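Descriptive analysis of the structure
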Amino acid sequence: MDMDPVSRTHCQLIIFFCYWLPVSLQRVETPAVEYAHSIRLDGDIILGGLFPVHTRGERGVPCGELKKEKGIHRLEAMLFAIDLINKDPELLPNVTLGARILDTCSRDTYALEQSLTFVQALIERDGSDVRCANGDLPIFTKPDKIVGVIGAAASSVSIMVANILRLFKIPQISYASTAPELSDNSRYDFFSRVVPPDSYQAQAMLDIVTAMGWNYVSTLASEGNYGESGVEAFVQISREMGGVCIAQSLKIPREPRLGEFDKIIRRLLETPNARAVIMFANEDDIRRVLDAAKRTNQTGHFLWVGSDSWGSKISPVLQQETVAKGAITILPKRATVEAFDRYFRSRSLSNNRRNVWFAEFWEENFGCRLGMHGLKRPGNLKKCTGLEKVGRDSSYEQEGKVQFVMDAVYAMAHALHRMHKDYCFGYPGLCPRMSNINGKELLGYIRSVNFNGSAGTPVIFNQNGDAPGRYDIFQYQITNKSTPEYKVIGQWTNKLHLNVEAMRWQKGDNAFPVSVCSVPCRMGERKKIVKGVPCCWHCERCEGYHFQASEFSCELCPYEQRPDRNRTGCVPIPIIKLEWHSAWAAVPMFIAVLGILATSFVVVTFVRYNDTPIVRASGREMSYVLLTGIFLCYAITFLMIATPSLAVCSFRRVFLGLGMCFSYAALLTKTNRIHRIFEQGKKSVAAPRFISPASQLVITFSLISVQLLGVFMWFAVDPPHTVVDYGEQRTSDPVKARGVLKCDISDLSLICSLGYSILLMVTCTVYAIKTRGVPETFNEAKPIGFTMYTTCIIWLAFIPIFFGTAQSAERMYIQTSTLTISLSLSASVSLGMLYMPKVYIIIFHPEQNVPKRKRSFKAIVTAATMSGKLVTKGGDRPNGEVKTELCESMETNTSSTKTTYVSYSNHAI
């Protein structure tokens, strides 16, 4: 049946009491056995002590080798602290502290058995069923009443002991147990410690990893409460804070098999990018891991981050200096207690008989033997003289937890002192009220102590009984100028303070090595996370018009914007227009300027020679209207190129189709007049209606007014305004994207504006075709016909070019240039075919520009009609030649070198 840890522990305790407690009670009846493996100091108040004097035994033996530093140094620190307190007149005056100190042998089950000694005084024993050999009732030795316990060292031992001590409400203060599990005040409510828990250490280690920029690490723990709890705290905090991922979490078995550590190194190499290894392991495991890394030639690959079990110890890195180089370790902030050094160096066999293990320490420390006890030691060791001196005849270095042992004893003493002041104020020694100290009340005083410890730092406890986290950060460094050493590179007191410049790595420089799954994405790239591993990703660039909105997403820029150079934001798309200096504008303007100059020259010439026959024969009034239209066709080029504005857009609407309308309305009126005259002449000699100049102007301006009416209606329905078109040059490459500033004239509106003029042009072309048979001698039908044919070809070419480039990125330039050049070419054709020959004659052949005899309308129509008939008959004669009477009569009246221009003063054509 599955049980939670608390229930399982309680069951184990019940079983333990059932089977082991009677045996333990029988042991304490024999004083020789009772004190054989413990230290007892008399006092008014007795404190318990638990120290790992010996290592864990093998093959069923509970205890093994003596621990000189972790055992004897710490034990002596407690005795030294009690001596100082008993001598202090200010702390617990007239009250002496005693002690009952036990050896845990670094084994949790053995420590639990030993700790029963502390609760014996609280257990009522019934001896009615027990009789001595002579039948008398037994006499039980009264055990010491323990008010508090100092210890234990290992977290696994403290957890086991804390479960029994809390049942009897005995406060416990540990000097070395750091497992986060012990911070659970609901399960270990009588447990306190003067060292910070591993949750603080895990936080400090995570801060170190974060400061290094490492986000992909592996963890390695020794099996047991310390290692597993430390790694669990690190993993939990890293998940809560984010930013650091665990590649692998490996565990070192309690009893590792042969090749186990080589296997661990191979497992770590399965994720080569996770170079940083977080280690919560004991000294032996650390040393063997480093040795395995050295054997597999992985020197310089791993970035070790060790917990306080590594700290600044030499033993884990001995003969592993190169592979351990650059390792970062952490150790609770501590200081050497010089008074203890003086005290311990003064200890000898003669003045330290209270320590029952000191003789064993003496042999171990000086490598000698004492009497018969020494016979148990192998080898032919010299006999101890007893005059050896610690620190003189042997190496000595104060163990790191001595400070915390003394702080734990002083914390208990300060709590008892405060209780004594409250319960026995003014009473010398212990008052009756403190004769039976309540453990729960004492716990309250312990949790409220606040004093400066042996290292000068405050000793306080939080609500869970934990000390504040204060750590020194070390790095194991090897330089050319010194031997390998641990160098302090920072501190952690709720916050990391790291001296980056003091750090050195395998290559000897201070450049940070990396331990990341994926390199950071460049600007403008988003992270595509690998499923299940948030620290591993693929970088994807934000394409097109997308920008990097966050670390993991790309978003589309607003329509009028594009990504900036780094694709981390959006910037407005540049707005362009057709510039005057552009080649697309220069060519149309050049043609327009030439056309305007030519048109102006023709107008000036016609005005100057206004009354000459050739000008009069051209129809002066209609010519000026037509020339006005030609001028507007040229002038519209500058409006189309000008920077769009409300005024420019308004003028574009008015004049875009007006020039063509003027031109083709005038030409249509002229061709229609010619057609009506000669059609009328076939029927009668009476002149048709509305052929006078005034009538022609009225008809022309009536046609033009339709164009103007359409424009004004356009103004009313859709007032002119400018617009920025971001779609016209929205290329696939955002760098080339441009917004085009233009007038709000759609292609449909443009066609509608030009459509009426094109209709006039087509109608005029039809009439030009109908009047193509009229002799050149009498009218301009043929030049008008050629003009219209050419103009139609120009506009037929314009339509596919204009609409075929609608999807082009340079649409604005092509369409504007095409439109303006088509208008200019149309105007140029009209100007060149209709007026340039006349100007040429006016200027270079003035002798031909003379008045001739006037003919009647009847004579003109008759001549034209007969000429048409004779031309038709001429097709039947050889070589197509024809000679009519009309031609002969015309020849007699006309010089062979002159062209006859008939003046139609009364019925001008």
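This write-up is about the structure you can find in this document. (Residues numbered from 1 in each chain as written. Predicted model: local features only at pLDDT ≥ 70, side-chain atom pairs only at ≥ 80, totals over all residues. Heavy atoms only, no water.)

1. Describing the overall build of the protein chain
- Along the protein chain, the regular secondary structure elements total 26 helices and 29 strands.
- Excluding contacts between residues fewer than 6 apart, the proportion of contacts in the protein chain whose partners are at least 24 apart in sequence is 68%.
- Within the structure as shown, the protein chain displays about 43400 Å² of accessible surface, and the carbon and sulfur contribution to it stands at 56%. (Helix = DSSP H or I, 4+ residues; strand = E, 2+ residues; numbered from the N terminus. Contact = heavy atoms within 4.5 Å. Areas by Shrake-Rupley, 256 points an atom, 1.4 Å probe, with all protein chains shown as cover.)

2. Points about the sheet that holds strand 2 (residues 45-51)
- The strand order across the open sheet formed by six strands is 1-5-2-6-7-8, and the pairing between neighbours is mixed. Strands at the two margins of the open sheet, each flanked by one partner only, are strand 1 (38-41) and strand 8 (191-193). On average, adjacent strands in this sheet sit at an angle of 20° to one another, irrespective of strand direction.
- In the sheet, strand 1 pairs with strand 5 (residues 97-103) via four bridges, with the strands oriented antiparallel. Note on strand 5: the bridge partner recorded for Leu 41 is Ala 99.
- In the packing of helix 4 (residues 108-119) onto the sheet, contacts are made with strand 2, strand 5 and strand 6 (146-150), and the angle to strand 5 comes to roughly 155°. (Pairing = 2+ DSSP bridges. Axes fitted to C-alpha atoms, helices over the stretch in contact; angles between N-to-C directions.)

3. Here we look at helix 3 (residues 68-87)
- Taking 1.5 Å as the rise per residue, helix 3 with 20 residues should run 28 Å; its terminal C-alpha atoms sit 27 Å apart, in good agreement.
- Within helix 3, 14 of the 20 residues are buried, leaving the element largely enclosed by the surrounding structure. (Expected span 1.5 Å × (residues − 1). Buried < 20%, exposed > 50% of the residue type's maximum accessible area, 1.4 Å probe, protein only.)

4. Focus on the nonpolar core
- If you look at the biggest cluster of nonpolar residues, it comprises 69 residues, and the most contacted ones within it are Met 78, Leu 97, Ile 173, Tyr 175, Phe 340, Leu 416 and Leu 442.
- At 14 residues, the largest contribution of residues to this core is made by helix 13 (residues 402-423).
- Formed by 51 residues, the second largest nonpolar core is a distinct cluster that contains Met 622, Leu 627, Val 654 and Ala 665. (Core = buried A, V, L, I, M, F, W, Y, C linked by side-chain atoms within 4.5 Å.)

5. A short note on the pattern of salt bridges
- By the definition in use, this model includes 24 salt bridges.
- Glu 181 is paired through a salt bridge with Arg 187; the nearest N and O atoms lie 3.6 Å apart.
- Look at Arg 187 and you get buried, because its relative accessible area is 18%.
- Residue Lys 251 is joined to Glu 228 by a salt bridge in which the shortest nitrogen-to-oxygen separation is 3.7 Å. Separated by 23 residues along the polypeptide, Lys 251 in strand 10 (residues 245-252) and Glu 228 in helix 7 (residues 225-241) bring together distant segments of the chain. (Salt bridge = Lys/Arg side-chain N within 4 Å of Asp/Glu carboxyl O.)

6. Some points on the sheet that holds strand 29 (residues 738-743)
- With mixed pairing, three strands are arranged side by side in an open sheet as 27-29-28. Each having just a single partner strand, strand 27 (575-576) and strand 28 (722-729) make up the two edges of the open sheet.
- Strand direction decides the pairing type here: strand 27 and strand 29, joined by two bridges, are parallel. Of the residues in strand 29, the one forming a bridge with Ile 575 is Gly 739.
- Here helix 23 (residues 811-834) sits on the sheet and contacts strand 27, strand 28 and strand 29; the angle it forms with strand 28, its principal contact strand, is near 115°.

7. Some words on helix 13
- Look at helix 13: 32 Å from first C-alpha to last across 22 residues, which is about the 32 Å you get at 1.5 Å a residue.
- A large share of helix 13 lies buried, amounting to 18 of its 22 residues.

8. Describing the state of the cysteines
- Per the stated rule, a full pass over the model turns up nine disulfides.
- The disulfide that involves Cys 245 links it to Cys 535, with 2.0 Å between the sulfurs. Of note, the bridge from Cys 245 to Cys 535 carries an S-S torsion of about 85° and is right-handed in sense. One end of the pair, Cys 245, is in strand 10; the other, Cys 535, is in strand 22 (residues 533-541), and 290 residues separate them in sequence. Summarising the burial analysis for this pair, Cys 245 and Cys 535 share the class buried.
- A sulfur-sulfur separation of 1.8 Å characterises the disulfide bridge that pairs Cys 517 with Cys 536. The S-S bond linking Cys 517 to Cys 536 shows a torsion near 110°; that makes this disulfide right-handed. Taken together, the positions of Cys 517 in the loop between strand 20 (496-498) and strand 21 (525-530) and Cys 536 in strand 22 put the pair 19 residues apart, joining distant regions of the chain.
- Its relative accessible area of 6% is what places Cys 536 among the buried residues. (Disulfide = S-S within 2.5 Å.)

9. A look at the environment of Gly 727
- Relative to the helices and strands, Gly 727 resides in strand 28.
- The partly exposed category is assigned to Gly 727, whose relative accessible area is 37%.
- C-alpha separation for the pair Gly 727 and Arg 738, spaced eleven residues apart in sequence, amounts to 8.5 Å.

10. Here we look at the side chain of Ser 830
- Within the fold, Ser 830 resides in helix 23.
- Classification of Ser 830 by relative accessible area gives buried; the value is 1%.
- Setting aside residues up to four positions removed in sequence, Ser 830 forms contacts with Ile 630, Leu 667, Thr 787 and Tyr 835.

11. Considering the packing of helix 15 (residues 583-608) against helix 17 (residues 620-641)
- Where helix 15 meets helix 17, the axes come as close as 9 Å, and the angle between the chain directions of the two elements is 155°. Of the possible angle classes, the one that applies to helix 15 and helix 17 is roughly antiparallel. Where helix 15 crosses over helix 17, the two elements pack in a sense that is left-handed.
- Here the residues of the contact of helix 15 with helix 17 are counted per class, giving 19 nonpolar, five polar and no charged. (Parallel < 35°, antiparallel > 145°, perpendicular 65-115°, else oblique. Left-handed = near helix turned anticlockwise from the far one by under 90°. Nonpolar A, V, L, I, M, F, W, Y, C, P; charged D, E, K, R; others polar.)

12. Section: the packing of aromatic side chains
- Scanning the model with the defined rule gives 22 aromatic pairs in all.
- Seen in terms of ring centroids, Phe 80 and Phe 340 are 6.0 Å apart; in terms of plane orientation they differ by 65°. Their pairing is edge-to-face. Here Phe 340 lies in helix 11 (residues 338-345) and Phe 80 lies in helix 3, a separation of 260 residues in the sequence.
- With relative accessibility at 8%, the residue Phe 80 sits in the buried group.
- An angle of 90° between the planes, with centres 6.3 Å apart, marks the rings of Tyr 423 and Tyr 445 as edge-to-face. Residue Tyr 423 is found in helix 13, and its partner Tyr 445 is found in helix 14 (residues 439-447); the two are separated by 22 residues along the sequence. As far as burial versus exposure is concerned, Tyr 423 and Tyr 445 are alike and both buried. (Phe/Tyr/Trp six-rings, centres within 6.5 Å; stacked < 30°, edge-to-face > 60°.)

13. Notes on a nonpolar patch on the surface
- Residues Phe 590, Val 593, Leu 594 and Leu 597 make up a contiguous nonpolar surface patch of roughly 400 Å² in combined accessible area.
- Position of Leu 594 relative to the elements: it lies in helix 15.
- For Leu 594, a relative accessible area of 44% puts it in the partly exposed group. (Patch = residues over 30% accessible without salt bridge, like charges linked within 9 Å, V, L, I, M, F, W, Y side chains within 5 Å.)

14. Topic: the side chain of Arg 347
- Along the polypeptide, Arg 347 turns up in the loop between helix 11 and helix 12 (358-366).
- In this structure Arg 347 is buried but unpaired, with Glu 76 as the nearest side chain of opposite charge at 5.3 Å.
- At a separation of 3.2 Å, a polar atom in the side chain of Arg 347 contacts the main-chain carbonyl oxygen of Asn 351.
- If sequence neighbours within four positions are ignored, Arg 347 has contacts with Glu 76, Asn 352, Phe 358, Trp 362 and Val 390. (Lys, Arg positive; Asp, Glu negative; His and termini not counted. Polar contact = N/O pair within 3.5 Å; in protein donor to acceptor, adjacent residues only side chain to side chain.)

15. A closer look at the environment of Ile 437
- Inspection of the secondary structure assignment puts Ile 437 in the loop between helix 13 and helix 14.
- Along the backbone, Ile 437 and Val 147 are 290 residues apart, and their C-alpha atoms lie at a distance of 6.8 Å.
- The contacts of Ile 437, once residues within four sequence positions are left out, are Ile 45, Lys 145, Val 147, Leu 416, Met 419 and Leu 442.

16. Here's the deal with the environment of Ile 641
- Positionally, Ile 641 belongs in helix 17.
- Taking C-alpha positions, Ile 641 is 6.9 Å from Trp 580, a pair spaced 61 residues apart along the chain.

17. Details of the pairing of strand 2
- Burial runs high along strand 2: seven of the seven residues are buried.
- In strand 2, alternate side chains face the same way, and those of Ile 45, Leu 47, Gly 49 and Phe 51 on one face and Ile 46, Gly 48 and Leu 50 on the other are all buried.
- Summarising the sheet, strand 2 and strand 5 pair through seven bridges and their orientation is parallel. What sits directly across from Gly 49, in strand 5, is Ile 101.
- Inspection of the sheet shows strand 2 paired to strand 6 by four bridges, in the parallel sense. If you follow Leu 47 over to strand 6, its bridge partner there is Gly 148.

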